[in-house]
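What follows is the residue order along each chain.
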Amino acid sequence: MNIIFSIILSLHVFNCYAITLAEENIGCPENSICTKEAGLKQVEWKRLIESTTITDRRKKIKKFLSSKGIPTKFLIFTNKINQDDIIWSSRCSGHQKSSPQIVKALRFLKNSNANNIMLVPIKRKSAEYKGPYEEYPIYIENEKLIYLREHENLFYTQAITKDGNWEILETDFKTLTKSRLENSSVFKCEQESIQENSFYPTSVCKKIWNKNLQKTETISIGRACF
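Everything numeric here is computed off the predicted structure, so don't read it as measured data. (Residues numbered from 1 in each chain as written. Predicted model: local features only at pLDDT ≥ 70, side-chain atom pairs only at ≥ 80, totals over all residues. Heavy atoms only, no water.)

## What to know about the packing of aromatic side chains
And step 1. Inspection of every chain in the model, using the stated rule, returns six aromatic pairs.
And step 2. Ring centres of tyrosine 133 and tyrosine 200 lie 6.2 Å apart, and the angle between their planes is 65 degrees; on these two criteria the pair is classed as edge-to-face. One end of the pair, tyrosine 133, is in the loop between strand S6 (128-131) and strand S7 (139-141); the other, tyrosine 200, is in the loop between helix H6 (173-182) and strand S11 (202-210), with 67 residues separating them in the sequence. Taken as a pair, tyrosine 133 and tyrosine 200 share a single burial class, namely buried.
And step 3. The structure contains a cluster of three or more aromatic residues connected by ring pairs, namely Trp45, Phe64, Phe108 and Tyr156.
And step 4. Across from the ring centre of tryptophan 88, 5.5 Å away, lies the NZ or CZ of lysine 104, which sits over that ring.
And step 5. For lysine 206, the ring lying beneath its charged end belongs to tyrosine 136, and the centroid distance is 5.7 Å. (Phe/Tyr/Trp six-rings, centres within 6.5 Å; stacked < 30°, edge-to-face > 60°. Helix = DSSP H or I, 4+ residues; strand = E, 2+ residues; numbered from the N terminus. Buried < 20%, exposed > 50% of the residue type's maximum accessible area, 1.4 Å probe, protein only. Lys NZ or Arg CZ within 6 Å of the ring centre and 35° of its normal.)

Right, dumping it as structure tokens:
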């Protein structure tokens, strides 16, 4: 399977093949390369959404995280892809020129410690973390990065520890509102604090709300494209 993906990508027919697979396999997103197994997990997640009410949403997602993981995007080399991955061509020119190529992928993950994938490196003064690709944490609480996640119109709150453990939390709307008022847009860091690599060759900084300290702090976040 990995060899087939690599050949497809190297022949530059990614988009046409992606559309074909998405049409053939139920549950696969449009314009993606997606196996039958990956599509079925998407279907199962959508069923969760349709059957979930606000009252039992957290309980159901927490159970799904424990048993199957939750849908999370990351970057990966084409020769490390497995049948559970849904993939798209990366928009970053450096990734397209890489050998093997680097692509954007989605897999149901239980924590930040999966092998052969690259989540986003995030650094605070006191700790380092790995978070989902194309998302930013919204605040910090008890040394955990808190994310408001969304997939297929299902919103939920997730915490990530510096050890890579993931938790599903009850949504704290008061803190969410405060964090949106206090958080900044990304800006250029005074100095690079994240080690360069093929996946995230640079970084940006962002001020986010620390609930315990009741003030903002600056974090640096790996950036895939210049």
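## So, H6
Each full turn of the α-helix corresponds to 3.6 residues, which orients residues three or four apart in the same direction.
And step 1. Turning to H6, its buried residues are Thr175, Leu176 and Ser179. One side of H6 holds all its buried residues, which, seen down the axis, span an arc of 105 degrees. Among the exposed residues of H6, those pointing more than 90 degrees away from its buried face are Phe173, Lys174, Arg180 and Leu181.
And step 2. Turning to H6, the residues buried within the fold contact S7, strand S8 (144-151) and S11. (Arc of directions from axis to C-beta. Contact = heavy atoms within 4.5 Å.)

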